[in-house]
Amino acid sequence: MILRAAGAGVMAIGQASHAWLSGQLARAWGNDRFPAPAPLEEVVLGALQHDVGMALWDLAPERHPQTGLPVQFFELDRPTHLALWSAAPKRLLTQSRYAALLVSLHGTGLYERFPPRTDDPEIARAVAAYRDEQGVLQARLARELGAQAAELRRNQALLAAWDDLSLALCRGQETAHDVHGVPGAGDAAETVTLLARSGDLDADEVDATLDPWPFSAPSLTVRVEGRVLAGPSPDTAALHAALDAAPLRVLRFALRPRAEAQPCRSSAIG
């Protein structure tokens, strides 16, 4: 779950909707400086489904005891996080083995980039067991698919970039946000800078710029869905009832190149 200020309340965005936004970015991605992902459909599906392990959890999230709001993705306890990520690739195996492989690589990549700081030996063993288990699955799927290591590293890095951009948009970050290590043409590793201007917290569209521009269209509009909570809930049952009754909000992000002098017509996704 991702929480975003929304006027007097808070917009609760499910991880699956955030992943939907990642997939919209993936499908529109590609120009001379940033080649489109390949194989396209499999990589886009992996982006769309990269948080599939959290979809059911977000239907009935835990309540944060201090805020009275849903626990956000970065607040999950380690055993729950490991359990959700262990299950995620398996949910895609009957849909696309390539997408399942990308989701597995994304999960272990998170633990490589953000290793948990813990003195608990049980947690350390659980993390090591998760990484070993996923390593076996990744090796098997790559062998079955004939997927080359360089291709997988590139697509893993692309998924990490889309995930990062989508999270920054969903969370309402208004300072410049740099995404490093974005695969460019050849072996180039680019840094893409996102700057979003939320303005009115009740507005249903947010203007944002990216530099350099990574999409094929001259502008792009993407979207997420969430539920607007009026405030905290006193207990878990009340939180779930509030989420079920909360009004739906569709939030759009109008993306343009930073250097663009005049607004141009946006190509809508989704």
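All residue numbers here refer to positions counted from 1 along the written sequence of the relevant chain. It should be noted that, the model being predicted, local features are given only for residues of pLDDT at least 70 and side-chain atom pairs only at 80 or more, the latter also being counted only at that level, while totals for whole chains, interfaces and linings use all residues. Only hydrogens and water are set aside; all other atoms, that is, all heavy atoms of the structure, feed into the side-chain values.

Visitor: Which parts of the structure should I look at to understand the overall build of the chain?
Guide: Strands here are runs of E lasting at least two residues and helices are runs of H or I lasting at least four, both read from the DSSP assignment and numbered beginning at the N terminus. Helices and strands together make up the secondary structure of the chain, namely 8 helices and 8 strands. Here the globule rule is a power law, 2.2 Å times the number of residues to the power 0.38, and the radius of gyration is based on C-alpha atoms. Here the C-alpha radius of gyration of the chain, 19 Å, is about what a compact globule of 270 residues would show, namely 18 Å. Each principal axis of the C-alpha distribution contributes one length, and for the chain these read about 55 × 50 × 35 Å. Evaluated residue by residue, the chain yields a buried proportion of 49% over its 270 residues. By the convention used here, residues are in contact when the closest approach between their heavy atoms is within 4.5 Å. A separation threshold of at least 6 residues defines the contact pool for the chain, and within that pool the share at least 24 residues apart is 71%. Methods summary: accessible areas were calculated by the Shrake-Rupley approach with a probe of 1.4 Å, and residue burial reflects only the protein chains presented. Surface accessibility of the chain: about 12600 Å² in total, with carbon and sulfur atoms responsible for 53%. A positive count includes Lys and Arg, and a negative count includes Asp and Glu. His and the chain ends are not counted in either. Think of each charge as sitting on NZ of Lys, CZ of Arg, CG of Asp or CD of Glu. Each charge class in the chain was averaged separately, 25 positive and 32 negative side chains, and the resulting centres sit 3 Å apart. Only protein chains enter the accessibility calculation, which uses a 1.4 Å probe. A residue is then buried if its area is under 20% of the maximum for its type, exposed if over 50%, and partly exposed in between.

Visitor: Could you clarify how one ought to interpret the pairing of strand 7 (residues 248–257) in this entry?
Guide: Note that strand 5 (residues 205–211) and strand 7 share 6 bridges and pair parallel. Each residue of the ladder has a partner; that of glutamate 205, found in strand 7, is arginine 252. Should DSSP find at least two bridges between two strands, the strands are taken to pair. In this structure, strand 6 (residues 220–229) lies alongside strand 7, joined through 8 bridges in antiparallel fashion. Residue pairing across strands places valine 224 opposite leucine 251, the latter belonging to strand 7.

Visitor: Which parts of the structure should I look at to understand the confidence of the model for the chain?
Guide: Where the model shows low pLDDT, its predicted coordinates should not be examined in detail. Residue-level confidence of the predictor, termed pLDDT, takes values from 0 up to 100. Mean pLDDT over the chain stands at 93; residues scoring 70 or higher make up 95%. For residues 261–270, every residue scores under 50 in pLDDT, and the model assigns this stretch 20 contacts once sequence neighbours within four places are set aside.

Visitor: Explanation requested: the nonpolar core in the structure shown.
Guide: The nonpolar side chains of a soluble globular protein tend to be buried, and buried together. We call a set of buried Ala, Val, Leu, Ile, Met, Phe, Trp, Tyr and Cys residues a nonpolar core when their side-chain atoms join them within 4.5 Å. The biggest cluster of nonpolar side chains holds 67 residues, and the ones touching the most others in it are Trp162, Phe215, Phe253 and Leu255. Ranked by residue count, the leading element in this core is helix 7 (residues 149–171), at 10 residues. Sequence-distant contacts of leucine 255, that is, excluding residues within four places in its chain, are made with Leu25, Leu169, Ala208, Leu210, Trp213, Phe215, Ser219, Leu220 and Val222. With 9 residues, the next largest nonpolar core counts Met1, Leu69, Leu229 and Leu243 among its residues.

Visitor: Please clarify how helix 1 (residues 15–28) should be interpreted in this entry.
Guide: What sets the pattern is the α-helix's 3.6 residues per turn: residues three or four places apart point alike. Compared with an ideal rise of 1.5 Å per residue, which puts 14 residues at 20 Å, helix 1 spans 20 Å between its outermost C-alpha atoms and is within 8% of the ideal. Within helix 1, 11 of the 14 residues are buried, which leaves the element mostly enclosed by the surrounding structure. Taken together, the buried positions of helix 1 are occupied by Gln15, Ser17, His18, Ala19, Leu21, Ser22, Gly23, Gln24, Leu25, Ala26 and Ala28. Glycine 30, located one to two residues past helix 1, shows a positive phi value of around 135°. The span you would expect from a helix comes to 1.5 Å times its residue count less one.

Visitor: What's the story with the side chain of histidine 106 in this structure? I'm lost.
Guide: Take histidine 106: it is sitting in helix 5 (residues 97–113). Each residue touching histidine 106, except ones within four places of it in the same chain, is listed here: His50, Trp85, Arg113, Leu159, Ala160 and Asp163.

Visitor: Sorry if this is basic, but what is going on with the pattern of salt bridges here?
Guide: As a working rule, side chains carrying opposite charge can pair if their charged atoms are close by. Definition used for salt bridges: Asp or Glu carboxyl oxygen within 4 Å of a side-chain nitrogen of Lys or Arg. This structure, assessed with the given rule, holds 6 salt bridges. Ionic pairing is found between arginine 33 and glutamate 190, a salt bridge with its closest N-O pair at 3.0 Å. Of this pair, arginine 33 sits in the loop between helix 1 and helix 2 (40–48) while glutamate 190 sits in strand 4 (residues 189–197), and the two are 157 residues apart along the sequence. Glutamate 190 gets classed as buried once you look at its relative accessible area, which sits at 14%. For arginine 249, the salt bridge is made with aspartate 204, and the minimal N-O distance between the two is 3.2 Å. You can see arginine 249 sitting in strand 7 and its partner aspartate 204 sitting in the loop between strand 4 and strand 5, a full 45 residues away along the chain. Accessibility expressed as a relative area gives 44% for aspartate 204, which makes it partly exposed. Salt bridges linked by common partners bring Arg97, Arg140 and Glu144 together as one network.

Visitor: What am I meant to see in the environment of alanine 208 here?
Guide: Looking at the secondary structure, you find alanine 208 in strand 5. With 12 residues separating them along the chain, alanine 208 and alanine 196 place their C-alpha atoms 4.0 Å apart. Other than its neighbours up to four places away in sequence, alanine 208 contacts Leu169, Leu194, Leu195, Ala196, Ala254, Leu255 and Arg256.

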